[in-house]
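One-letter residues, chain by chain:
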Amino acid sequence: GFGNITPQQRSDAFTNLEQFKSYPGRVAACVEMIGCSSLQIAGGAGNAPSDVTVPGKLYALGVIQEFLKVGYNSLNESDRGQLRSSIVLAARQLAMPVNGSSIKMNDSTRILAVKIAALLADLALREFPQRWQTFVSDLFSPVSNGGIWCEAGADAGGNTTGVKISLECLKLITEDCTDSDYNARISTTRRNDILLGMNEMSKLMLPPLFELLSKQYGDVNNAKSTLLAMNQYLASNGRTVVQMAPDERAEYQQQIDRRDAAGGIV
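Residues numbered from 1 in each chain as written. Predicted model: local features only at pLDDT ≥ 70, side-chain atom pairs only at ≥ 80, totals over all residues. Heavy atoms only, no water.

A. Structural detail: unusual backbone geometry. The residue after Phe128, namely Pro129, is reached through a cis peptide bond having omega 0 degrees. Along the polypeptide, Pro129 turns up in the loop between helix H5 (107-127) and helix H6 (135-140). (Helix = DSSP H or I, 4+ residues; strand = E, 2+ residues; numbered from the N terminus.)

The following block contains the structure:
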């Protein structure tokens with residue numbers, strides 16, 4: 001779509017993107033970018049719009065992540081709240097259930113999810129529990145109730161993207177709250193505040209976690225049982241997997257994908 005761009009134009013674009021990182025209004029612009037459901041620019045084939053949602057949002061999230069290191073403490077309470085809300089919104093956009101969603105999460109979604117989880121963890125380490133009292137409910141409430149968690153009974157895959165963001169975020173927080181002898185990123189006071197907050201909020205975290213793991217563990221076992229039965233059926237007919245009919249092969253692969261997706265969560 002952009003094959004006609006010259007090396008000079010690419011160089012100029014790179015320079016502009018680098019200069020933007022020091023632009024005073026960069027955070028507000030990036031918040032607006034990640035709030036968009038899609039990002040498009042002209043310049044594709046026949047000057048048709050080209051989708052740049054993933055690279056655009058990754059760039060915006062990267063700018064915000066750098067800002068957290070140098071300018072976050074200068075924000076007032078209202079601006080901090082708006083910034084937190086924008087990152088949660090970006091997570092919710094990925095977490096929205098999709099009818100007929102693929103069992104496998106595509107690479108673009110995975111990349112964005114990891115970046116968003118890292119930002120949520122950075123913000124939680126600074127704000128939870130004192131100034132971000134809704135952190136746990138933002139992560140562990142289902143999408144239909146304002147959070148990013150999956151709906152009860154959701155299959156693993158595209159409809160559990162919010163779950164993976166939440167669990168990745170908690171993993172990063174846990175790593176940063178390990179013994180201060182090994183990790184000096186945050187102060188002992190902040191570490192204790194976060195751990196006390198997590199303990200207090202565990203009653204909101206454990207039920208959805210238990211429901212999720214119960215569902216996914218059952219899906220793993222069911223898929224394994226189905227695969228075993230299919231292999232036994234093939235053997236009884238003197239056939240192997242490579243001799244499957246196209247519809248049989250599609251069903252066999254679907255069970256493998258379901259087993260692996262659910263197993264990845266468990």
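B. Molecular detail of the packing of aromatic side chains. Across all of its chains, the model carries five aromatic pairs by this definition. A centroid spacing of 6.1 Å and a plane angle of 40 degrees characterise the contact between Phe20 and Tyr59, whose relative ring orientation is tilted. On the criterion of sequence distance, the pair formed by Phe20 in helix H1 (residues 7-20) and Tyr59 in helix H3 (residues 53-70) is long-range, its members being 39 residues apart. On the accessibility criterion, Phe20 (21% relative accessible area) is partly exposed. Ring centres of Trp132 and Phe135 lie 4.9 Å apart, and the angle between their planes is 65 degrees; this geometry places the pair in the edge-to-face category. Look at Trp132 and you get buried, because its relative accessible area is 2%. Judged by its relative accessible area of 1%, Phe135 is buried. (Phe/Tyr/Trp six-rings, centres within 6.5 Å; stacked < 30°, edge-to-face > 60°. Buried < 20%, exposed > 50% of the residue type's maximum accessible area, 1.4 Å probe, protein only.)

C. Region of the structure containing H3. With 18 residues, H3 extends 26 Å between its outermost C-alpha atoms, agreeing within 8% with the 26 Å of an ideal straight helix rising 1.5 Å per residue. Among the residues of H3, those classed as buried are Thr53, Gly56, Lys57, Tyr59, Ala60, Leu61, Val63, Ile64, Gln65, Phe67 and Leu68. Buried-residue contacts for H3 involve H1, helix H2 (26-34), strand E2 (50-51), helix H4 (77-95) and H5. (Expected span 1.5 Å × (residues − 1). Contact = heavy atoms within 4.5 Å.)

D. Layout of the side chain of Lys57. As for its placement among the helices and strands, Lys57 is situated in helix H3. We note that Lys57 is buried and unpaired, the nearest opposite charge coming from Asp51 at a distance of 9.3 Å. Here the side chain of Lys57 touches Cys36 through a polar contact of 2.6 Å, landing on its backbone oxygen. At 2.7 Å, the side chain of Lys57 and the side chain of Gln93 are in polar contact. Non-local contacts of Lys57, meaning those with residues more than four positions away in its chain, are made with Met33, Ile34, Cys36, Ser37, Leu39, Val52, Gln93 and Leu112. (Lys, Arg positive; Asp, Glu negative; His and termini not counted. Salt bridge = Lys/Arg side-chain N within 4 Å of Asp/Glu carboxyl O. Polar contact = N/O pair within 3.5 Å; in protein donor to acceptor, adjacent residues only side chain to side chain.)

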